[in-house]
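Observations on the three-dimensional arrangement
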Amino acid sequence: MAPSLVLTGARVVLPSGVVDDGRVSVEGTRIVAAAAENAPVIDVSGHWLIPGFVDIHNHGGGGASFSGTPDDILTAVRTHRAHGTTTTVASTVTDEMDLLVRQAGLLSELTEQGEIAGIHFEGPFISPCRKGAHSEALLRDPEPAEVRKLIDAARGKAKMVTLATELPGGVDSVRLLAEHGVIAAIGHTDATYEQTAEAIDAGATVATHLFNAMPALGHRSPGPIAALLEDERVTVELINDGTHLHPAALELAFHHAGASRVAFITDAMDAAGTGDGRYMLGPLEVEVSEGVARLVQGGSIAGSTLTLDRAFKRAVTIDRLPVEDAVQALSVNPARLLGLFDRIGSLEPGKDADLLVLDADFELKGVMRQGEWVLTPPQLA
């Protein structure tokens, strides 16, 4: 049983705003209005308390992949937990359908065990024109019967499927996903503005890493970016690592979508939390140099080596976002998108005790998940 405790003196980010000299009480695995009288009080003055991060698009970390063995999956999950991601959706990459079906079964078991929050299938239903770090030979059209195979294999644990909705069967598959309560995400797409709008009307609600792996915004052919930014039904993923997006692109997204419609993601691959070297992303070999992952063949960017603590610090220091907006993009919005905001995403009584302690420079100093310290703050060391 997780212990009771009270954290005091910090700047606490709540749904209502920032509270100076605030306090958060924990009883067992939950945040409570008031802890037991004998609960230890920990002074974290000079620090920030924010909700744990929620990553809806992550392929691995710590040298391991979500396309690997159970041990690999746990290694990746724990790597990102140590960097503040208390809730992770495991993303697959394009592979043979039978391998994806088998992996879906494995990932669904780990979802049932509470290690991950569900499965995101990125590929194989994507455009060969915008394949990025996916094997073109393994791509296929998003025919509903094929999409249904993955949904069924996930045993109710599929959270999201990324589709190039302009391909044959794409819009019908969006409708299928919506009917089954699975997020249809538009990405790795060569769609026009009109095709994208049609898919949104059919039920697509997420832009997979907006700007990346899709046509650029044009003044005569605005393409998917304009349609995704302008529609209030769509949450846009952004990879805030300084490589995938120019700061002006991030500012454009926040200006048009607003803080309530942005979800920062890692799109991390195995090298996140480790270092440079050679790695595999599905069947493709990746070279990581100075923290940037690229395919050995062709040089396309191959996911990221990002962790969400770095994305948060960059957002509030380099991008100059208000802390509340960064918390919304890293915790509140993805929790809402997953239908989990009643349990996670904010520091409110009754929710899971998933919280982070950061110093005045926004360096991560403590990670608590469900009342247990994953990374212990110096005050308790």
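In the block above lies the structure referred to throughout.
Residues numbered from 1 in each chain as written. Predicted model: local features only at pLDDT ≥ 70, side-chain atom pairs only at ≥ 80, totals over all residues. Heavy atoms only, no water.

Points about the environment of N38
Structurally, N38 can be placed in the loop between β3 (30-32) and β4 (41-43). Judged by relative accessible area, which is 69%, N38 ranks as exposed. Between the C-alpha atoms of N38 and T317, which are 279 residues apart in sequence, the distance is 38 Å. (Helix = DSSP H or I, 4+ residues; strand = E, 2+ residues; numbered from the N terminus. Buried < 20%, exposed > 50% of the residue type's maximum accessible area, 1.4 Å probe, protein only.)

What about the pattern of salt bridges?
Enumeration over the complete set of coordinates arrives at 17 salt bridges. Where K149 meets E146, a salt bridge forms, and the shortest distance between an N and an O atom there is 2.9 Å. Placement of the pair is K149 and E146 together in helix α3 (residues 144-153), with a separation of 3 residues, close to one helical turn. Take K149: its relative accessible area is 43%, and that puts it in the partly exposed class. Residues joined in a network through salt bridges with shared partners are R30, R343 and D352. (Salt bridge = Lys/Arg side-chain N within 4 Å of Asp/Glu carboxyl O.)

Some remarks on the environment of T94
Checked against the element boundaries, T94 lands in the loop between β9 (85-92) and α2 (97-112). Classification of T94 as buried rests on a relative accessible area of 1%. Put simply, T94 and N240 are 146 residues apart on the chain and 23 Å apart in space, counted from C-alpha to C-alpha. Among residues more than four places away in sequence, those in contact with T94 are E122, G123, P124, I126, H134, S135, L138, L139 and P283. Among the polar contacts made by the side chain of T94, one reaches the side chain of H134 at a distance of 2.7 Å. (Contact = heavy atoms within 4.5 Å. Polar contact = N/O pair within 3.5 Å; in protein donor to acceptor, adjacent residues only side chain to side chain.)

Section: the sheet that holds strand β17 (residues 284-289)
Within the open sheet, the 3 strands sit side by side as β16-β17-β18. Their pairing is antiparallel. Strands at the two margins of the open sheet, each flanked by one partner only, are β16 (277-281) and β18 (292-295). With direction set aside, neighbouring strand axes in the sheet form an average angle of 35°. Pairing between β16 and β17: 5 bridges, direction antiparallel. (Pairing = 2+ DSSP bridges. Axes fitted to C-alpha atoms, helices over the stretch in contact; angles between N-to-C directions.)

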